[in-house]
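Summary of structural features
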Amino acid sequence: MAQMDADVIIVGAGPAGAACALRLAQTGRSVILLERGETPGSKNVTGGRLYTAALDMLSPGLAAEAPAERHVTSERISILDGEAHADIHVGLAPCDRSDSITVNRSTLDPWLAGCAEEAGAMVVPGMTVDGLVMNGNRVEGIRAGEDELHAEYVVAADGVNSLLAASAGLTHRPRPGEVATGVKVTVGLPEHTINERFAVSSAEGAAHLMLGCTNGARGGGFLYTNRESLSIGIVVDPTKLPAVRSTPRELLESLLRHPLVEPFVRGGELREYSAHLVREDGRSGIPPQLTLPGFLVAGEAAGFCLNLGYTIRGMDVALLSGIAAAEAIGADAGDLEGSYRTALAACGATGIMDAASGYGPFLEKSRLYGDYPKLAMGIARDVFAVANPPQAPDRIVPSVRREFRSSPLRIRDLVSDARAAVKGL
Ligand SMILES: Cc1cc2nc3c(=O)[nH]c(=O)nc-3n(C[C@H](O)[C@H](O)[C@H](O)COP(=O)(O)OP(=O)(O)OC[C@H]3O[C@@H](n4cnc5c(N)ncnc54)[C@H](O)[C@@H]3O)c2cc1C
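These numbers were taken from a predicted model, which means no experiment stands behind them.

Brief notes about the environment of Asp417
Note that Asp417 resides in helix H16 (residues 411–424). Asp417 sits 352 residues away from Glu65 along the chain, and the two C-alpha atoms are 44 Å apart. In this view, Asp417 contacts Phe362, Lys365, Arg367 and Tyr372; residues no more than four positions away in its chain are not counted.

This is the structure we're talking about:
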């Protein structure tokens, strides 16, 4: 038998890998956490909103220590059409707010990896894992260049495009339709300017999601306030882009010029442009088998990411699945798959993914991203515009009828979409 370098080797120091490392180190296991980036977080992209309950589940009180940019206190959803937009702006009472913060991965990931290190894990950045060391169907370690490291368990937490899960035969590399492309810019602005533009104090922040900014392709836009910057991006289904003749970058540039968004970013300094894949196939993206002897897949590598259009929850479900992987290793008595499934259910990760399992067919309806926003904006224009010379106000029902007639939507579309909405949502 090869000499063991650690009890557990974890590949990928994103939320899933770092959570797994921290939990295992807390229980006295020897852990090596390998990360290809020069520092954890340097290769990662996220919109920027983290629901923090998972951090407290990882270690009580951890959420309060997280490097929060701002606490989300203001929720806004906008429908865009041409230069127009309609908004729903919700300012929740403090007692009704979910605990969520805006974060930068360049500070969140090193902090979380640091917590794992403090608990006793060895964090090794700048190391790319190329493959697994297999003995039959048992995984005994990893290969990185000329080096081999051996451990009782290997956890693949290497993200959406997991080389390790695919090479173990548990998943395939993401196919078109299973993942969306996310592009994001960070725009620097003084703290007081952000406070004024979003009507928040320095501790408070806004989460703003936008529909109708993808030329009709499945997807949407986001804007999150950080302390001294804004994170703005587009997440879009790449298979739909040829039909709408746009690239993600063009869609993002046009979003930044939109009359809704431009006043927010005006005078700002472009600090960063990044792009990354994100899973969008929900529950069906979780493979039927998540383990081999000595091997587990966690986080987005295992399909744990919820992309609902109006919110993306990748980081908190990644944290939960990392905790579950650690629990499964602790409880392994020969049925690693069973222990992992039990732990995933116990920490809530399975429940979160299951709750949205019906959303997929509804969110796939392309009409949601073009025809419906146009119809809604057409009706709003009719209702609010007063013609010159003055006329009687438009009555709402005839206006809805007129806009509906001039849109490509048909009654049967409404019926089928309403049915899909009721069934899915
Ligand atoms: C544009 C965009 C917006 C998003 N917005 C949000 C949001 O607002 N809120 C939210 O919760 N989620 C959001 N997500 C999703 C979220 O970022 C991911 O789901 C989450 O980061 C997954 O965590 P993870 O730990 O599984 O994987 P990752 O965070 O991807 O971490 C994987 C790590 O593994 C490392 N790695 C990969 N391969 C190797 C290798 N061979 N060797 C060594 N290291 C390796 C990587 O460098 C990386 O550090 C967004 C995603 C995108 C793209």
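Read on for the rest.
Digging into the nonpolar core
Core analysis: the largest hydrophobic core is formed by 96 residues, its most contacted members being Ile10, Ile142 and Phe295. For this core, the element with the most residues is helix H10 (residues 315–331), which contributes eleven residues. Counting contributing residues, this core receives three or more from each of domain 1 (6–68 + 104–176 + 281–356) and domain 3 (370–424). Those residues in contact with Phe295 that lie beyond four places of it in its chain are Leu132, Val139, Val154, Ala156, Leu164, Ala165, Ala168, Leu170, Leu290 and Leu336. Core analysis: the next-biggest nonpolar cluster, separate from the first, contains 27 residues, Val200, Cys213, Leu260 and Phe264 among them.

Examining the pattern of salt bridges
As enumerated under the stated definition, the model contains 22 salt bridges in all. Note that Arg313 and Asp316 form a salt bridge whose closest N and O atoms lie 2.7 Å from each other. Residue class for Arg313 comes out partly exposed when judged on its relative accessible area of 25%. When salt bridges that share partners are traced, they join Asp81, Lys374 and Arg381 into one network.

Details of a nonpolar patch on the surface
A surface patch of nonpolar side chains, about 380 Å² in accessible area, is lined by Val383, Phe384, Ile396 and Val400. Every element with two or more residues in the nonpolar patch is listed here: helix H14 (371–384) and helix H15 (396–406). Tracing the sequence through the fold places Ile396 in helix H15.

As for the site of the ligand
Surveying the vicinity of the ligand reveals 36 residues, the closest of which are Glu35, Gly47, Arg49, Arg105 and Glu300. Residue Ala16 places a main-chain N or O atom 2.9 Å away from an oxygen atom belonging to the ligand. Within the contact set of the ligand, an oxygen atom lies 3.2 Å away from a backbone nitrogen or oxygen of Gly48. The set of elements that each furnish at least two residues to the shell around the ligand consists of helix H1 (15–26), strand S15 (269–279), strand S19 (312–313) and H10.

Rules used throughout
- Once a new chain begins, its residue numbering starts again from 1 and follows that chain's sequence as written.
- Given that the model is predicted, a residue must reach a pLDDT of at least 70 before its local features are reported, and side-chain atom pairs must reach 80 or more before they are shown or counted; all residues, however, enter totals for whole chains, interfaces and linings.
- No hydrogens and no water enter the side-chain calculation; it runs on all heavy atoms of the structure.
- Strands are runs of DSSP state E lasting at least 2 residues, helices are runs of H or I lasting at least 4, and numbering of each runs from the N terminus.
- By definition, residues are in contact when any of their heavy atoms lie within 4.5 Å.
- Buried Ala, Val, Leu, Ile, Met, Phe, Trp, Tyr and Cys residues form a nonpolar core when they are joined through side-chain atoms within 4.5 Å.
- Burial classes: relative accessible area under 20% of the type maximum marks a residue as buried, over 50% as exposed, and values in between as partly exposed (1.4 Å probe, protein chains only).
- Each domain's extent was defined by an automatic or database domain assignment.
- For this analysis, a salt bridge means a side-chain nitrogen from Lys or Arg found within 4 Å of a carboxyl oxygen belonging to Asp or Glu.
- Only residues above 30% relative accessible area that lack a salt bridge enter a patch, with like-charged residues linked at up to 9 Å and the nonpolar side chains Val, Leu, Ile, Met, Phe, Trp and Tyr linked at up to 5 Å.
- All accessible areas in this document rest on Shrake-Rupley with a 1.4 Å probe, and a residue is counted as covered only by the protein chains that are shown.
- Whether a residue is near a molecule or strand depends on its heavy atoms: if one lies within 4 Å, it is near.
- Whenever a nitrogen or oxygen atom comes within 3.5 Å of another N or O atom, the pair is scored as a polar contact, on the condition that within protein one atom can donate a hydrogen and the other can accept it, and that pairs from neighbouring residues in sequence are kept only if both atoms are in side chains.

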